[in-house]
Amino acid sequence: MTTSTGGTTKVPAVLVLEDGRIFRGRAYGAVGETFGEAVFSTGMTGYQETLTDPSYHRQVVVMTAPHVGNTGVNDEDMESRKIWVSGYVVRDPARVPSSWRSRRTLDEELAAQGVVGISGIDTRALTRHLRERGAMRVGIFSGAAVRDDAALLARVQQAPQMKGANLSAEVATAEPYVVPAIGEKKFTVAAVDLGIKGMTPHRMAERGIEVHVLPATASVEDVYAVDPDGVFFSNGPGDPATADHPVSVVQAVLERGTPLFGICFGNQILGRALGFGTYKLKYGHRGINQPVQDRTTGKVEVTAHNHGFAVDAPLEEVSDTPYGRAEVSHVCLNDNVVEGLQLLDKPAFSVQYHPEAAAGPHDAAYLFDRFVKLMEGQRA
């Protein structure tokens, strides 16, 4: 990625998909060029949380909501230390933000962090294209980076693909840190950071859990050095088929019988640890208002998602694994994608969506309580 900053409202920009589809608009954020996987997010709000979610590393996010930037950018809603998206695509950016919490415009924040974006294009047409053809490589070019279309397309087709990408270590913390329990400490959890969002350890801390956040490269010895009551595996970017190290750590945790909870990438890691395969979705699930059924209760939850891969596990039967019986606990009602797993003979479960996000409703908050109950049961 090459970038420069400055006023961008009149700087021409071009978005080029790897299949040759081209959209022309204006620069938004930094001026330059960037590459990634084109994906779309359905959220009408929460764009700051989307931008700072490490799971979007090396992805160019297309916002389906036409008007973006209304509430500006504040200093409280960051999910991590920086913006992780490699590019940003909006139709109609707000000219003036309107929120008492706003500190600067979204355009200014993107420029300051070197994120190349484009505005003024038909994002509805782009989203339909991605739904029909699937997520694909894309490049955004603005200012001096704009050249003839054939040259730009060649650059895009040379960019790395998301399938086969091992990215979690690139976004995870380099050093362990501790998020203290809020109020009385009840449990200690070792959280393996594969791209963790700041709200996740906070949700655990609210329940009296002291969270020791560990790098993605943490060994089994590192995990048990904190004497955990439970082990957590976070969300994160990349292809789960490349994540052999965290899979081996999960297997060691399962062998010891320590309560385990995983979300998003952590769900895929648990799936692999149990012997299931993973596969790339055509265009993935990203954004909010995704209906998921908890099969253990029959309840339908309105949930927030960000994943381009899924677990390949049988929906209608209990599976025998090296760690006991396992079943699909949650399923997406839009397309029957596996959205959760649970072991029936050991204290371990996971979900594919984001229970910490609380994108409007708090339908999925009970999952952290379920983790607490597993640890309570193990201690008893």
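- You'll find the chain entered in an unreviewed UniProt entry as Carbamoyl phosphate synthase small chain, with Streptomyces cinereospinus given as the organism.
- In its Subunit (unreviewed entry) section, the UniProt record describing the chain reads: "Composed of two chains; the small (or glutamine) chain promotes the hydrolysis of glutamine to ammonia, which is used by the large (or ammonia) chain to synthesize carbamoyl phosphate. Tetramer of heterodimers (alpha,beta)4."

Observations concerning the overall build of the chain
For step 1, the next point in the chain: Helix and strand content of the chain: 10 helices and 21 strands.
For step 2, the next point in the chain: Relative to its length of 380 residues, the chain is compact, with a C-alpha radius of gyration of 21 Å against a globular reference of 21 Å.
For step 3, the next point in the chain: Viewed in the frame of its principal axes, the chain has a C-alpha envelope of about 65 × 40 × 35 Å.
For step 4, the next point in the chain: In the chain, which comprises 380 residues, the proportion classed as buried is 58%.
For step 5, the next point in the chain: When the accessible surface of the chain is split by element, carbon and sulfur atoms take 48% of a total near 15200 Å².
For step 6, the next point in the chain: Between the centroid of the 37 positive side chains of the chain and the centroid of its 45 negative side chains there is a distance of 6 Å.

Thoughts on the packing of helix H8 (residues 244–256) against helix H9 (residues 265–273)
For step 1, the next point in the chain: The N-to-C vectors of H8 and H9 enclose an angle of 70 degrees; their axes lie 9 Å apart at closest approach. Comparing their axes, H9 and H8 come out roughly perpendicular. With respect to the hand of their crossing, H8 and H9 are arranged in right-handed fashion. Counted together, Asp-244, Pro-246, Val-247, Val-250, Gln-251 and Leu-254 of H8 and Ile-269, Leu-270, Arg-272 and Ala-273 of H9 form the full contact between these two elements.
For step 2, the next point in the chain: The class makeup of the residues in the contact of H8 with H9 is seven nonpolar, one polar and two charged.

Here's the deal with helix H10 (residues 366–379)
For step 1, the next point in the chain: Here H10 spans 20 Å end to end across 14 residues, near enough to the 20 Å set by a 1.5 Å rise per residue.
For step 2, the next point in the chain: Where H10 is concerned, the buried positions are Tyr-366, Leu-367, Phe-368, Phe-371, Val-372 and Met-375.

Here's the deal with the pairing of strand E10 (residues 136–142)
For step 1, the next point in the chain: Where burial is concerned, most of E10 is hidden: seven out of the seven residues are buried.
For step 2, the next point in the chain: Here five bridges tie strand E2 (residues 12–17) to E10, and the two strands are oriented antiparallel to one another. From the neighbouring strand, Ala-13 faces E10, where its bridge partner is Ser-142.
For step 3, the next point in the chain: Relative to E10, strand E4 (residues 31–41) runs antiparallel, the two being bridged by six bridges. The partner of Ala-38 across the bridge, within E10, is Met-136.

Here we look at the side chain of Glu-356
For step 1, the next point in the chain: Inspection of the secondary structure assignment puts Glu-356 in the loop between strand E21 (348–351) and H10.
For step 2, the next point in the chain: Judged by its relative accessible area of 1%, Glu-356 is buried.
For step 3, the next point in the chain: A distance of 2.9 Å separates a polar atom in the side chain of Glu-356 from a polar atom in the side chain of Lys-197.
For step 4, the next point in the chain: Setting aside residues up to four positions removed in sequence, Glu-356 forms contacts with Lys-197, Met-199, Thr-200, Arg-203, Ile-263 and Phe-368.

What about the packing of aromatic side chains?
We describe a pair of aromatic rings using the distance from one ring centre to the other and the angle between the two ring planes.
For step 1, the next point in the chain: Overall, the coordinates contain six aromatic pairs when judged by the stated rule.
For step 2, the next point in the chain: Where Phe-261 meets Phe-349, the ring centres are 4.5 Å apart and the plane angle is 15 degrees; that geometry is what we call stacked. Here Phe-261 is found in strand E15 (residues 260–263), whereas its partner Phe-349 is found in strand E21, with 88 residues between them in sequence. We note that Phe-261, like Phe-349, is buried.
For step 3, the next point in the chain: Between the aromatic rings of Phe-261 and Phe-368, the centroid separation amounts to 5.8 Å while the plane-to-plane angle is 80 degrees, which identifies the pairing as edge-to-face. Note that Phe-261 is positioned in strand E15 and Phe-368 in helix H10, a separation of 107 residues in sequence. As far as burial versus exposure is concerned, Phe-261 and Phe-368 are alike and both buried.
For step 4, the next point in the chain: Among the aromatic side chains, those forming a connected cluster through ring pairs are Phe-232, Phe-261, Phe-349, Phe-368 and Phe-371.
For step 5, the next point in the chain: Cation over ring: Lys-82 sits above Trp-84, and NZ or CZ is 4.5 Å from the ring centre.

Here is what the cut-offs are and how they apply
Residues numbered from 1 in each chain as written. Predicted model: local features only at pLDDT ≥ 70, side-chain atom pairs only at ≥ 80, totals over all residues. Heavy atoms only, no water. UniProt positions renumbered as here; feature names shortened; annotations may be inferred. Helix = DSSP H or I, 4+ residues; strand = E, 2+ residues; numbered from the N terminus. Rg over C-alpha atoms; globule rule 2.2 N^0.38 Å. Buried < 20%, exposed > 50% of the residue type's maximum accessible area, 1.4 Å probe, protein only. Areas by Shrake-Rupley, 256 points an atom, 1.4 Å probe, with all protein chains shown as cover. Lys, Arg positive; Asp, Glu negative; His and termini not counted. Charge placed at Lys NZ, Arg CZ, Asp CG, Glu CD. Axes fitted to C-alpha atoms, helices over the stretch in contact; angles between N-to-C directions. Parallel < 35°, antiparallel > 145°, perpendicular 65-115°, else oblique. Left-handed = near helix turned anticlockwise from the far one by under 90°. Contact = heavy atoms within 4.5 Å. Nonpolar A, V, L, I, M, F, W, Y, C, P; charged D, E, K, R; others polar. Expected span 1.5 Å × (residues − 1). Pairing = 2+ DSSP bridges. Polar contact = N/O pair within 3.5 Å; in protein donor to acceptor, adjacent residues only side chain to side chain. Phe/Tyr/Trp six-rings, centres within 6.5 Å; stacked < 30°, edge-to-face > 60°. Lys NZ or Arg CZ within 6 Å of the ring centre and 35° of its normal.

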